[in-house]
Structure formats: structure tokens, C-alpha cells
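Each chain, letter by letter, is given below.
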Amino acid sequence: MNAADLRDKSADQLKDELSSLKKEGFNLRFQQATGQLENTARMRQVKRDTARVLTILNEKAQAAAE
């Protein structure tokens, strides 16, 4: 997922994406704690994607405020 694709989405779509990423991150942390996690790089991807979505949501909110 890249920032250009995210900027094309609406705020509601971004919020849905954020909630799904947070759920996935929780599941990955749970798998890691129980020793079932196979792809450890996915945790890093999810964390960065979450940060991207939050950044773009904040950009859109700031643009709407101006």
C-alpha cells in the first residue's frame, strides 16, 4: 500500500482501513506471543501502513480545517 493510493480514498474508507490494520496488528502480536507467527516482517508492514493511514487522515483533517 502506498500513500498515493491512500490519498485517493475518502476519510470513511481510510477509517475502515485503519480499523482493519489495527485488528490485524493485534492478531499478529497475539500470534507472536504464542509462537505461531511465521512472517515476522508483516508486523513491520502493518505498523508502517497504520502510520501512513493516520498521516493521511491528519492531512485531510488539516486541509478541511483551513
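Before any of the text, the structure's been laid out above.
What counts and what doesn't
- Residues take numbers from 1 onward in each chain, read along the sequence in its written order.
- Only residues with pLDDT of 70 or above have their local features reported here, since the model is predicted, and side-chain atom pairs are shown and tallied only from 80 upward, although totals for entire chains, interfaces and linings are computed over all residues.
- Values shown for side chains rest on all heavy atoms present in the structure; no hydrogens or waters enter the calculation.
- Think of a salt bridge as a Lys or Arg side-chain nitrogen and an Asp or Glu carboxyl oxygen that are within 4 Å of each other.
- Each helix is a run of DSSP H or I of at least 4 residues and each strand a run of E of at least 2, with the numbering of both proceeding from the N terminus.
- Each residue is placed in one exposure class: buried if its accessible area under a 1.4 Å probe, protein chains only, is under 20% of its type's maximum, exposed if it is over 50%, and partly exposed if it falls in between.
- In this analysis an axis means a line fitted to C-alpha atoms, helices contributing only their contacting stretch, and an angle means the value between N-to-C directions, from 0 to 180 degrees.
- The scheme is simple: roughly parallel for angles under 35 degrees, roughly antiparallel for over 145, roughly perpendicular for 65 to 115, oblique for anything else.
- Handedness of a crossing follows from how the near helix is turned relative to the far one, being left-handed for an anticlockwise turn of less than a right angle and right-handed for a clockwise one.
- Throughout, a contact is declared for two residues whenever any of their heavy atoms are within 4.5 Å.
- By the convention adopted, Pro, Cys, Tyr, Trp, Phe, Met, Ile, Leu, Val and Ala count as nonpolar, Lys, Arg, Asp and Glu as charged, and the other residues, Gly among them, as polar.

**Q** Teacher, can you tell me more about the pattern of salt bridges here?
**A** A side chain of one charge can pair with a side chain of the opposite charge if their charged atoms are brought near each other. Scanning the model with the defined rule gives four salt bridges in all. Among the ionic pairs, E59 bridges to R7, the shortest N-O distance being 3.1 Å. Taken together, the residues span a long stretch of sequence, with E59 in helix α3 (residues 41-65) and R7 in helix α1 (residues 3-7) at a distance of 52 residues. Taking relative accessible area as the criterion, E59 reaches 35% and is therefore assigned partly exposed. With its nearest N and O atoms 2.7 Å apart, the salt bridge here joins D49 to R52. In this pair, D49 and R52 both sit in helix α3, three residues apart, roughly one turn of the helix. The exposure class assigned to D49 is buried, which follows from its relative accessible area of 8%.

**Q** Could you clarify how one ought to interpret the packing of helix α2 (residues 11-34) against α3 in this entry?
**A** For any two helices packed against each other, the geometry comes down to the angle between their axes and how far apart the axes lie. At a minimum axis distance of 9 Å, the contact between α2 and α3 shows a crossing angle of 155 degrees. Classified by the angle between their axes, α2 and α3 sit roughly antiparallel to one another. In the crossing of α2 with α3, the sense of the turn from one axis to the other is left-handed. Contacts between α2 and α3 involve A11, L14, K15, E17, L18, L21, E24, G25, L28, R29 and Q32 from the first element and R42, M43, V46, D49, T50, V53, L54, I56, L57 and K60 from the second. Counted by class, the contact of α2 with α3 contains 11 nonpolar, three polar and seven charged residues.

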